[in-house]
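Reading the structure
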Amino acid sequence: MSNEEGSGQELLDLIKGFRRSKVLFTACKLKVFDTLKNGAVLTAEDVAGKINASVCGTEQLLDACAALGLLERTERVGVVGYGNTELASLYLVSEGEHSLHGFVTHYNDHIWDLFTHLESAVQEGTNQFHRVSRRRADDSFKDSFYPSKEAQLQFTRAMHDLTKLGAHAVATAFDLSGFTSACDLGGCTGALAHRLVQEYPHLKVTVFDLPEIIELAPSFQPVGQQAARISFMPAGGIVILESTKRKQHRATYPTGLWPKVLLISAKGRKRAPAEWQHGFQDVRVVHTGGLLDAVLATR
Ligand SMILES: C[S@@+](CC[C@H](N)C(=O)[O-])C[C@H]1O[C@@H](n2cnc3c(N)ncnc32)[C@H](O)[C@@H]1O
């Protein structure tokens, strides 16, 4: 393949890339991976019956998932069966410890719609809630993200899933063993707090969030002695979502896409470390390689 053909193919891949996300979102939404949990291997007909969908549509969805490495397709004596791959068992079954199911659902139900208005977000420089619902661009965080109890629970699940995935990298980005207390403002379900108390046996963490989120938090808590070192407090001030600007000029994937998610859903942006300087003498940033970076500012 010539270089030209190679980069043409790469571009085609990019053009059609949204189809891969939507296959994953649809399979999660229809609970395909739940149907195949615990090592079950089922035919397309069986799966269609369990998820209440057409056999021909289900077969195509299952094949697409197999092509993406999410399902294993096996054929024995002329019968085709589908089972979860390790990746799907770990992350896509809804109740699993490492499940990203809530996060995928949030992307399917909300972020997908918002992203269809990316042109407008760029032109207007603001979030696009007003195009996908009756909400306004300047509505509060609560009114934008939690218009109903159901949306509140879904967003909370999404944040919990995402934070679990990156919490270890953030908690260990710096040696925090010299600290005895920490506070997580906008700490949601306490997923980061849990990782922090696991890493630092002498640390106590207070999680602040909106009262309605604090109410939901107990249902996300793992039990155990470490949990006793975490307390939850309702808050009402401001919250800072962080993802830092880098010196390098070339944005990389996936962090390069994060500002778009911030713009389109929260009218947010990245900040450079210098913008954190106010009142602190030493500001250090560690790029974790995940979506969020860690900033440690000391006086
Ligand atoms: C993008 S989420 C991040 C959640 C959490 N830091 C995590 O990583 O899982 C932002 C969080 O800030 C909370 N929040 C929004 N406005 C707030 C306020 N005024 N005071 C405290 N928390 C707030 C939201 O309820 C939500 O849990």
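All of the points below concern the structure found in this document. (Residues numbered from 1 in each chain as written. Predicted model: local features only at pLDDT ≥ 70, side-chain atom pairs only at ≥ 80, totals over all residues. Heavy atoms only, no water.)

**Section: the sheet that holds strand β5 (residues 230-234)**
Our working definition: Strand pairing follows a simple DSSP-based rule, namely that at least 2 bridges must link the two strands. Only DSSP runs of H or I covering at least 4 residues are called helices, and only runs of E covering at least 2 are called strands; the numbering of each starts at the N terminus. Lines are fitted to the C-alpha atoms to define the axes, a helix being fitted only along its stretch in contact, and any angle between axes, read from their N-to-C directions, falls within 0 to 180 degrees. Contacts are assigned to residue pairs that have any heavy atoms within 4.5 Å of one another.
Spatially, 3 strands are ordered β3-β4-β5 in an open sheet, and the strand pairing comes out parallel. Bordering the open sheet on either side are β3 (181-185) and β5, each of which pairs with just one other strand. Between one strand axis and the next, the sheet turns by 20° as a mean value, whatever way the strands run. The strands touched by helix α12 (residues 191-199) within the sheet are β3, β4 (204-209) and β5, with β4 carrying the most contacts at an inclination of about 175°.

**Some remarks on the packing of aromatic side chains**
The condition that has to hold: For Phe, Tyr and Trp, where Trp contributes only its six-membered ring, two rings pair if their centres lie within 6.5 Å, and the inter-plane angle classes them as stacked under 30 degrees, edge-to-face over 60, or tilted in between. With a 1.4 Å probe rolled over the protein chains alone, any residue whose accessible area is under 20% of its type maximum counts as buried; one over 50% counts as exposed, and the rest are partly exposed.
A full pass over the atoms with the stated rule returns 3 aromatic pairs. The interplanar angle of 50° and the centroid separation of 6.5 Å between the aromatic rings of F18 and W112 together place this pair among those described as tilted. With F18 in helix α2 (residues 17-29) and W112 in helix α7 (residues 101-115), this residue pair connects regions lying 94 residues apart in the sequence. What makes W112 partly exposed here is its relative accessible area of 27%. Considering the side-chain rings of F103 and Y107, the 4.8 Å spacing of their centres and the 50° angle between planes classify their relative orientation as tilted. Here F103 pairs with Y107, and both are found in helix α7, just 4 residues apart, close to one helical turn. Here a set of aromatic residues connected by ring pairs shows up, and it is made of F18, F25 and W112.

**Here's the deal with α7**
Inclusion rule: Each helix should span, by expectation, one fewer than its residue count multiplied by 1.5 Å. The bend reported for a residue corresponds to the angle between axes fitted to the seven residues ending at that residue and the seven starting there.
When the terminal C-alpha atoms of α7 are compared, their 20 Å separation across 15 residues agrees well with the 21 Å that a helix rising 1.5 Å per residue should span. At Y107, α7 shows its largest bend, some 40°.

**Some thoughts on the packing of α7 against helix α11 (residues 149-171)**
Defined as follows: We call two directions roughly parallel when the angle between them is under 35 degrees, roughly antiparallel when it is over 145, roughly perpendicular when it lies between 65 and 115, and oblique otherwise. In this scheme the crossing of two helices becomes right-handed for a clockwise turn of the near helix relative to the far one and left-handed for an anticlockwise turn of less than a right angle. By the convention adopted, Pro, Cys, Tyr, Trp, Phe, Met, Ile, Leu, Val and Ala count as nonpolar, Lys, Arg, Asp and Glu as charged, and the other residues, Gly among them, as polar.
Look at α7 against α11: their axes get within 7 Å of each other, and the N-to-C directions meet at 130°. One way to sum up the angle between α7 and α11 is to call them oblique. Taken as a pair, α7 and α11 cross one another with a handedness that is left-handed. Contacts from H101, G102, F103, T105, H106, D109 and H110 in α7 reach Q154, F155, R157, A158, D161 and L162 in α11. Residue composition of the contact of α7 with α11, grouped by class: 4 nonpolar, 6 polar and 3 charged.

**Concerning the nonpolar core**
What counts here: Buried residues of nine kinds, namely Ala, Val, Leu, Ile, Met, Phe, Trp, Tyr and Cys, make up a nonpolar core once their side-chain atoms join them within 4.5 Å.
Judged by nonpolar contacts, the single largest core of 22 residues is most densely connected at V32, F33, L36, L62, C65, L71 and L92. Sorting the residues of this core by element identifies α2, α3 (32-35), α4 (44-51) and α5 (55-67) as the ones contributing at least two each. Not counting chain neighbours up to four residues away, the residues in contact with L92 comprise L24, C28, F33, D34, L70, L87, H101 and V104. L203, V207, I230 and L296 belong to the second largest nonpolar core, which has 15 residues in total.

**With respect to the environment of A67**
Relative to the assigned elements, A67 resides in helix α5. Along the primary structure A67 and R20 are separated by 47 residues, whereas in three dimensions their C-alpha atoms are 9.8 Å apart.

**Some remarks on α5**
Which entries qualify depends on this criterion: Read the arc as the range of directions from the helix axis to the C-beta atoms. Any pair of N or O atoms that falls within 3.5 Å is considered a polar contact. Within protein, one atom must be able to donate a hydrogen and the other to accept it, and sequence-neighbouring residues count only if both atoms are side-chain atoms.
Helix length check: α5, at 13 residues, gives a terminal C-alpha distance of 18 Å against a target of 18 Å (1.5 Å per residue), a fit within 8%. Taken residue by residue, α5 has T58, L61, L62, C65 and A66 as its buried positions. For α5, the angular spread of buried residues about the axis comes to 140°, placing them on one side. With respect to the buried face of α5, the exposed residues turned more than 90 degrees away are C56, Q60 and A67. Looking at the packing, one finds that the buried side of α5 touches α2, α3, α4, β1 (71-76) and β2 (79-84). The N-cap residue of α5 is S54: its side-chain oxygen and the backbone nitrogen of G57 are 3.0 Å apart. Remark: G69 follows α5 within two positions and exhibits a positive phi of approximately 80°.

**Quick word on the side chain of H194**
The topology assignment puts H194 in helix α12. A residue is classified by how much of its surface remains accessible, and H194, at 11% relative accessible area, is buried. Apart from the residues lying within four places of it in its own chain, the contact partners of H194 are Q221, P222, A227 and I230.

**Some remarks on the pattern of salt bridges**
Applicable threshold: Here, a salt bridge means any Lys or Arg side-chain nitrogen found within 4 Å of an Asp or Glu carboxyl oxygen.
Taken as a whole and assessed by the stated rule, the structure comprises 7 salt bridges. With a closest N to O distance of 3.0 Å, D63 and R73 form a salt bridge. One end of the pair, D63, is in helix α5; the other, R73, is in strand β1, with 10 residues separating them in the sequence. By relative accessible area, which is 29% here, D63 ends up partly exposed.

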